[in-house]
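Structure at a glance
Letter by letter, the chains look like this.
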2 protein chains.
Amino acid sequence: MRYFVIVGHKASTTGNFKLDDISGGAGRLDILIRCVNSAFFLSHNVRRDTELYLVLQGGDDPPKTVRFSGAELRYLNPDERSTSSLIRNALLKKIDEEEKKSSPGIYVSRMSFGDVVKMLSERGKIIYLKEDGEDIRGTEIREDPVFVMSDNRDLTEDEELILSGYGPEKVSLGPYSLHADHCMIIVHNELDRNTH
Amino acid sequence: MRYFVIVGHKASTTGNFKLDDISGGAGRLDILIRCVNSAFFLSHNVRRDTELYLVLQGGDDPPKTVRFSGAELRYLNPDERSTSSLIRNALLKKIDEEEKKSSPGIYVSRMSFGDVVKMLSERGKIIYLKEDGEDIRGTEIREDPVFVMSDNRDLTEDEELILSGYGPEKVSLGPYSLHADHCMIIVHNELDRNTH
């Protein structure tokens, strides 16, 4: 399995945003939506071996985590608007302690960044995508890697502290700093080449 | 310079589409719009050394080509909706023989696929991104490469014939077939690593 975690520091947790305004009123939810596309789409297929965790920390009801499970996903289209709608539906669900299913392969819960990282650290090695890390080419990526990244803001000091508790590997992808969704494409390609 | 050409076989040429319906009524224009994002965005910068040609062949007024010049681009945001709007504005321009500027760095013309490839073949080597090509890792990419790709349909026989007239190199990016916008990320990363 390949796990990706991305933090949306200001991303809406209530679903009370307009589909026309995902980069404004929804707190740069557009960044996370593009990550959904990158995480799952092959040319004529969906990556079944991938799970994506969107950790939403903005709006009036933080934190919430929307989890996409490639193995079960249906009704996913590549465009931003339709994915926004899937996420909005998830955020409109009433939730308490338990994770709830919103649509096939899409789940919503009250998990915080710390909760997500703790849970996934038991499944695989935490890898922090960071410009000053070791080049992914030449780094041995073990099975079930958990890639952690941030939106247009860096992880906060508190978030970095949480991560550091799991002894993450820092890995970089090339000479330039890239958007999170672009990073995921490069990670997938590297893993595809190594595991094919 | 890095050149990318993508053919939108059914993509609107008139601009009479709704911004909410770019994957439906606009003839999968969404695919080309995601290529704009991939072509130009770095984390906190725009790739000034890149030019992108969207060759639109659908709708009521084909062909048209919308050209994005990274060196001059302004007002480009990463979300699909705002880029759709820029392209729609370009398509609403009245044009005759000459290429016309629509907004900073965005131009529209009557160029066909054949016209675009002919012009760019005089600037650099034509590279056809194709699953059965040589692996890009290990292929020497010379200066000013011109990468040609297609939308969700393959290039037609006629388009392949046009390309073959320029002795293109066929290059592949990994074991799986990927969306055009994802291909561009991998191409950029490879060139970034080789030229940095």
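Everything here concerns the structure above.
First, a word on scope: everything that follows refers to the structure included in this document. If you're wondering where the values come from, they're calculated on a predicted model, not measured in any experiment.

Residues and elements named next belong to chain B. It is the contact of helix α3 (residues 113-121) with helix α4 (residues 157-164), at a shortest axis distance of 10 Å, that shows an interaxial angle of 15°. If you check the angle between α3 and α4, you find them roughly parallel. When the axes of α3 and α4 are compared, the crossing they make is right-handed. Residues F113, G114 and V117 of α3 form the contact with α4, whose participating residues are E159, I162 and L163. Taken together, the residues of the contact of α3 with α4 break down into 4 nonpolar, 1 polar and 1 charged.

Throughout the structure, instances matching the rule amount to 4 cavities of 30 Å³ or more. Lining of the largest cavity is provided by 20 residues; of these, R34, N37 and D181 of chain A together with R34 and D181 of chain B occupy positions nearest its centre. Sorting the residues of the lining of the largest cavity by element identifies α1 (29-40), α2 (80-92) and α5 (180-195) of chain A together with α1 (29-40) and α5 (180-195) of chain B as the ones contributing at least two each. Together, I136, R137, I186, N189 and E190 of chain A together with R137, I186, N189, E190 and R193 of chain B line the second largest cavity. The biggest single contributor to the lining of the second largest cavity is α5 of chain B, with 4 residues.

With that settled, consider the sheet that holds strand β7 (residues 106-109) of chain A. Residue and element names in this part refer to chain A. In spatial order, the strands read β6-β7-β5-β4-β1-β9-β8-β10; together these 8 strands make up an open sheet with mixed pairing. Because the sheet does not close on itself, it has two edges, and the strands there are β6 (100-103) and β10 (169-172). On average, each strand axis in the sheet is tilted by 30° relative to the strand beside it, whichever way the strands run. Pairing of strand β4 (residues 50-56) with strand β5 (residues 64-69) involves 6 bridges; the strand directions are antiparallel. Of the residues in β5, the one forming a bridge with Y53 is R67.

Our next topic: the interface of chain A and chain B. Every contact between the two is made by 36 residues of chain A and, on the other side, 36 residues of chain B. For the pairing of chain A and chain B, the buried interface totals around 3300 Å² over both sides, and the portion due to carbon and sulfur atoms is 52%. The largest share of the area that chain A buries against chain B comes from R137, H182 and R193 of chain A, three residues that together contribute 20% of it. Across the contact surface, chain A and chain B share 6 salt bridges. The residue E190 of chain A makes a salt bridge to R137 of chain B at a minimum N-O spacing of 2.6 Å. The interface formed by chain A and chain B includes 19 residue pairs in polar contact (both at pLDDT 80 or more). Sorting the residues of the side of chain A that touches chain B by element identifies α1, β2 (41-42), α2 and α5 of chain A as the ones contributing at least two each. Here the residues of the side of chain A that touches chain B are counted per class, giving 10 nonpolar, 12 polar and 14 charged.

What follows covers the side chain of R47 of chain A. Relative to the elements of secondary structure, R47 of chain A occurs in the loop between β3 (45-46) and β4. Here the side chain of R47 of chain A touches D192 of chain A through a polar contact of 2.9 Å, side chain to side chain. Once you skip the residues sitting within four places of it in the chain, R47 of chain A turns out to touch R2, A39, F40, F41, L42, G70, H188 and D192 of chain A together with L178 of chain B.

This part covers the packing of α1 of chain B against helix α2 (residues 80-92) of chain B. Residues and elements named next belong to chain B. Put simply, α1 and α2 touch, their axes get as near as 9 Å, and they point 105° apart. Taken together, the axes of α1 and α2 lie roughly perpendicular to each other. Residue-level contacts link L29, I33, R34 and V36 of α1 to E80, T83, S84 and I87 of α2. For the contact of α1 with α2, the class distribution of residues is 4 nonpolar, 2 polar and 2 charged.

Right, let's get into the environment of R123 of chain A. Residue and element names in this part refer to chain A. Of note, R123 is situated in the loop between α3 (113-121) and β8 (126-135). Overall, R123 belongs to the partly exposed group, its relative accessible area being 35%. For the pair formed by R123 and H182, sequence separation is 59 residues and the distance between their alpha carbons is 24 Å. Not counting chain neighbours up to four residues away, the residues in contact with R123 comprise Y3, E51, Y53 and D144.

What counts as what
Residues numbered from 1 in each chain as written. Chains lettered and ligands numbered in written order. Predicted model: local features only at pLDDT ≥ 70, side-chain atom pairs only at ≥ 80, totals over all residues. Heavy atoms only, no water. Axes fitted to C-alpha atoms, helices over the stretch in contact; angles between N-to-C directions. Helix = DSSP H or I, 4+ residues; strand = E, 2+ residues; numbered from the N terminus. Parallel < 35°, antiparallel > 145°, perpendicular 65-115°, else oblique. Left-handed = near helix turned anticlockwise from the far one by under 90°. Contact = heavy atoms within 4.5 Å. Nonpolar A, V, L, I, M, F, W, Y, C, P; charged D, E, K, R; others polar. 1 Å grid on protein atoms, 1.4 Å probe; cavity = no way out; pocket = protein on both sides within 12 Å on 5 of 7 lines; lining within 4 Å. Points joined across faces, edges and corners; volume = space filled by probe spheres on them. Pairing = 2+ DSSP bridges. Buried area = accessible area lost by both parts, 1.4 Å probe. Salt bridge = Lys/Arg side-chain N within 4 Å of Asp/Glu carboxyl O. Polar contact = N/O pair within 3.5 Å; in protein donor to acceptor, adjacent residues only side chain to side chain. Buried < 20%, exposed > 50% of the residue type's maximum accessible area, 1.4 Å probe, protein only.

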